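Here is what each chain is made of, one letter per residue.
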Amino acid sequence: MKWFDNTALTLVIIGAINWLLVGIFRFDLVAFLLGNLSWLSRIIYTVVGLCGLYLISLYGRIENTPEAQS
């Protein structure tokens, strides 16, 4: 399951960079590459959002790691 954690984290980081571009430059990279709310861009937004929701589970798993218990 570690590969899924790494993939989800990578997608959320890419999404965060996209939001940074939107916030600073009003430039939406996903919309630029795939079209403004095309079906493909909506899939990308949905997958990144689902990965973000999945990563909420990291809060519970961080406390259970051996490094956190020492």
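In this text, all values refer to a predicted model and were calculated from it rather than measured experimentally.

> I'd like a description of the overall build of the protein chain, backed by residues and values.
From N to C terminus, the protein chain includes five helices and zero strands. Starting at the N terminus and walking to the C terminus, you meet the elements of the protein chain as α-α-α-α-α. Its C-alpha atoms give the protein chain a radius of gyration of 15 Å, clearly above 11 Å, the size a compact globule of 70 residues would have. Counting only contacts in the protein chain whose residues sit at least 6 apart along the sequence, the fraction spanning at least 24 positions is 47%. Carbon and sulfur atoms make up 72% of the accessible area of the protein chain, which amounts to about 5700 Å² in all. Computing the positive centroid from 4 side-chain charges and the negative centroid from 4, the protein chain places the two 11 Å apart.

> Give a description of the confidence of the model for the protein chain that names residues and reports values.
Mean pLDDT over the protein chain stands at 90; residues scoring 70 or higher make up 91%. Element-level pLDDT for the protein chain is lowest in helix α5 (residues 66-69), with a mean of 64, against a maximum mean of 95 in helix α1 (residues 2-25).

> Run through the environment of I44, naming residues and quoting values.
Along the chain, the position of I44 falls in helix α3 (residues 39-55). When the C-alpha positions of I44 and I17 are compared, they lie 14 Å apart, and in sequence the two are 27 residues distant. Setting aside its immediate chain neighbours within four residues, I44 contacts V30 and L34.

> Which residues make up α3, and what values do they have?
With 17 residues, α3 should reach 24 Å at 1.5 Å per residue; the first-to-last C-alpha distance of 24 Å fits that figure. For α3, the set of buried residues is S41, C51 and L55. Taken around the axis of α3, the buried residues stretch over an arc of 90°, which confines them to a single face. Exposed side of α3, more than 90 degrees from the buried face: W39, R42, L50 and L53 are the residues found there. On its buried face, α3 sits against α1, α2 (29-34) and α4 (58-62).

What counts as what
- Residues numbered from 1 in each chain as written.
- Predicted model: local features only at pLDDT ≥ 70, side-chain atom pairs only at ≥ 80, totals over all residues.
- Heavy atoms only, no water.
- Helix = DSSP H or I, 4+ residues; strand = E, 2+ residues; numbered from the N terminus.
- Rg over C-alpha atoms; globule rule 2.2 N^0.38 Å.
- Contact = heavy atoms within 4.5 Å.
- Areas by Shrake-Rupley, 256 points an atom, 1.4 Å probe, with all protein chains shown as cover.
- Lys, Arg positive; Asp, Glu negative; His and termini not counted.
- Charge placed at Lys NZ, Arg CZ, Asp CG, Glu CD.
- pLDDT = per-residue confidence, 0-100.
- Expected span 1.5 Å × (residues − 1).
- Buried < 20%, exposed > 50% of the residue type's maximum accessible area, 1.4 Å probe, protein only.
- Arc of directions from axis to C-beta.

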